[in-house]
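# Understanding the architecture of this molecule
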Amino acid sequence: METSTYPEPDVRLARLAGAVGLSATWPPTDEFLDVLAERTGLRTHDLLLVADLPVPDTAWLFDERAGASGSLVSCSLDLPAAGRRLLRVRARSTTAPAGTLTPWEPRPHERYPPGFGSLLLRMLALRNLNWLGTAKVMCLMSGVCKAASTIGAVGRGVKPIDAEMLDGFAATLGVPVAVLAELTGVRRSVAGPDPAPEVVDTAMLVWEIRHVTRDQESQLAEYARTLGRD
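I will try to describe carefully the structure that is included in this document. Predicted, not measured: the structure shown is a model, and the values here were computed from it.

This part takes up the overall build of the chain. Of regular secondary structure, the chain possesses 12 helices and 2 strands. Going from N to C terminus, the chain has its helices and strands arranged as α-α-α-β-α-α-β-α-α-α-α-α-α-α. Expected size for 230 residues packed as a compact globule is a radius of gyration near 17 Å; at 17 Å, the chain falls within 12% of this value. Its C-alpha atoms give the chain principal-axis dimensions of about 50 × 40 × 35 Å. Per-residue burial over the chain gives 50% buried out of 230 residues.

Turning to helix H9 (residues 163–173), a few remarks are in order. Most of H9 is tucked away, with 9 of its 11 residues classed as buried. Buried residues along H9 sit in contact with helix H6 (116–125), helix H7 (131–142), helix H8 (148–156), helix H10 (177–184) and helix H11 (197–208). At the N-terminal end of H9, a side-chain oxygen is found 3.3 Å from the backbone nitrogen of Glu164, two or three residues along, and the residue is Asp162. Residue Gly174 follows H9 closely and has a positive phi angle near 75°.

For the rest of this paragraph, the subject is the layout of surface pockets. Leftover empty space is mapped by rolling, across the atoms, a probe with the size of a water molecule. Of the pockets and cavities examined, the largest pocket occupies roughly 480 Å³. Looking at the largest pocket, it is lined by 27 residues, and the ones nearest its centre are Ala66, Asn128, Leu129, Asn130 and Gly133. Counting only elements with at least two residues in the lining of the largest pocket, the list comes to H6, H7 and helix H12 (214–229). Each residue belonging to the lining of the largest pocket can be placed in one class, and the counts come to 11 nonpolar, 8 polar and 8 charged.

Once that is clear, we can look at the environment of Pro197. Considering the arrangement of structural elements, one finds Pro197 in helix H11. Classification of Pro197 as exposed rests on a relative accessible area of 53%. For the pair Pro197 and Leu77, spaced 120 residues apart in sequence, the C-alpha to C-alpha distance is 9.1 Å.

Below, the discussion takes up the pattern of salt bridges. This structure, assessed with the given rule, holds 11 salt bridges. A salt bridge links Arg84 to Asp201, with the nearest nitrogen and oxygen atoms 2.8 Å apart. Of this pair, Arg84 sits in helix H5 (residues 81–92) while Asp201 sits in helix H11, and the two are 117 residues apart along the sequence. Judged on exposure class, the residue Arg84 and its partner Asp201 are both buried. For Glu222, the salt bridge goes to Arg225, with nearest N and O atoms at 3.0 Å. With Glu222 and Arg225 both in helix H12, this residue pair falls 3 residues apart, about one helical turn. Residues joined by salt bridges that share partners form a network here, namely Glu64, Arg107 and Glu110.

When glycine is set aside, most residues are seen to have a negative phi, and most peptide bonds are trans. The linkage connecting Trp26 with the following residue, Pro27, adopts the cis geometry, with an omega of -5°. Despite not being glycine, Asn128 has its phi angle at roughly 60°, a positive value. If you trace the backbone, Asn128 turns up in the loop between H6 and H7. Assessed through its relative accessible area of 9%, Asn128 is described here as buried.

Judged by side-chain charge, Asp30, Glu31, Asp34 and Glu38 come together as a negatively charged surface patch. Here Asp34 is to be found in helix H2 (residues 30–40). Overall, Asp34 belongs to the partly exposed group, its relative accessible area being 45%.

Now for the state of the cysteines. Tallied over the full model, the rule gives 1 disulfide. Between Cys139 and Cys145 runs a disulfide, and the two sulfur atoms are separated by 1.9 Å. On the S-S bond that ties Cys139 to Cys145, the torsion sits near 65°, and the link is right-handed.

This next bit is on the packing of aromatic side chains. Inspection of the entire model under this criterion finds 2 aromatic pairs. Look at Tyr6 and Phe116: their rings are 4.9 Å apart centre to centre, the planes differ by 85°, and that puts the pair in the edge-to-face class. Separated by 110 residues along the polypeptide, Tyr6 in the segment before helix H1 (9–19) and Phe116 in helix H6 bring together distant segments of the chain. The class for Tyr6 is buried, based on a relative accessible area of 14%. Ring centres of Trp60 and Trp104 lie 5.2 Å apart, and the angle between their planes is 20°; this geometry places the pair in the stacked category. Residue Trp60 is found in the loop between helix H3 (44–50) and strand S1 (61–62), and its partner Trp104 is found in the loop between strand S2 (102–103) and H6; the two are separated by 44 residues along the sequence. Neither Trp60 nor Trp104 differs from the other in exposure class; each is buried. The lysine or arginine in question, Arg90, covers the ring of Tyr223, its NZ or CZ lying 3.8 Å from the ring centre.

About the cut-offs
Residues numbered from 1 in each chain as written. Predicted model: local features only at pLDDT ≥ 70, side-chain atom pairs only at ≥ 80, totals over all residues. Heavy atoms only, no water. Helix = DSSP H or I, 4+ residues; strand = E, 2+ residues; numbered from the N terminus. Rg over C-alpha atoms; globule rule 2.2 N^0.38 Å. Buried < 20%, exposed > 50% of the residue type's maximum accessible area, 1.4 Å probe, protein only. Contact = heavy atoms within 4.5 Å. Polar contact = N/O pair within 3.5 Å; in protein donor to acceptor, adjacent residues only side chain to side chain. 1 Å grid on protein atoms, 1.4 Å probe; cavity = no way out; pocket = protein on both sides within 12 Å on 5 of 7 lines; lining within 4 Å. Points joined across faces, edges and corners; volume = space filled by probe spheres on them. Nonpolar A, V, L, I, M, F, W, Y, C, P; charged D, E, K, R; others polar. Salt bridge = Lys/Arg side-chain N within 4 Å of Asp/Glu carboxyl O. Patch = residues over 30% accessible without salt bridge, like charges linked within 9 Å, V, L, I, M, F, W, Y side chains within 5 Å. Areas by Shrake-Rupley, 256 points an atom, 1.4 Å probe, with all protein chains shown as cover. Lys, Arg positive; Asp, Glu negative; His and termini not counted. Charge placed at Lys NZ, Arg CZ, Asp CG, Glu CD. Disulfide = S-S within 2.5 Å. Phe/Tyr/Trp six-rings, centres within 6.5 Å; stacked < 30°, edge-to-face > 60°. Lys NZ or Arg CZ within 6 Å of the ring centre and 35° of its normal.

Structure below.
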């Protein structure tokens with residue numbers, strides 16, 4: 001099991017800081033977390049998970065029928081930079097109607113032991129991605145195609161994170177592989193380039209649509225298809 005090699009939160013945060021040339025501070029200040037988020041490509045809420053600090057309740061409000069669909073992700077990846085910008089502007093201006101989002105409660109199979117696998121899956125849960133959603137998005141964004149059950153096994157710590165899975169998680173989160181390698185201690189497969197611009201933009205889109213409804217996600221996917229035809 002992974003638990004025995006899972007360090008304390010101050011060590012985890014220090015690893016991330018070291019990956020981007022920052023000196024770690026503990027406990028972390030808001031300013032430090034903001035700078036670390038900007039440098040690593042992770043979100044401040046992701047860093048709160050890393051540090052075992054409370055994440056605002058509003059971050060866990062979702063329409064669980066939604067989440068990033070394969071069609072929306074595919075369209076975003078295929079759009080030119082200008083189209084991706086327009087799509088993200090539309091996503092940021094989309095607000096779920098009052099009362100349509102509900103607090104996320106992990107199901108029994110989503111209650112994981114401490115470990116890097118569970119940490120990464122909770123980051124993806126912040127993006128309203130469950131096992132199946134993560135498997136689909138990861139395959140499209142990185143070419144790392146795994147079954148939903150494999151994603152769950154990583155979260156439970158029964159399947160270790162290897163170099164291939166590290167590549168998949170990095171692309172899905174839109175961060176350099178080196179950042180996750182330093183955090184987790186997993187050796188990278190090769191010293192490849194950072195995620196391509198379309199991957200980074202699509203990862204940002206996945207974050208920006210986390211609080212939309214299923215109908216709104218469908219409308220964004222149709223808008224993306226329209227941009228692709230223009």
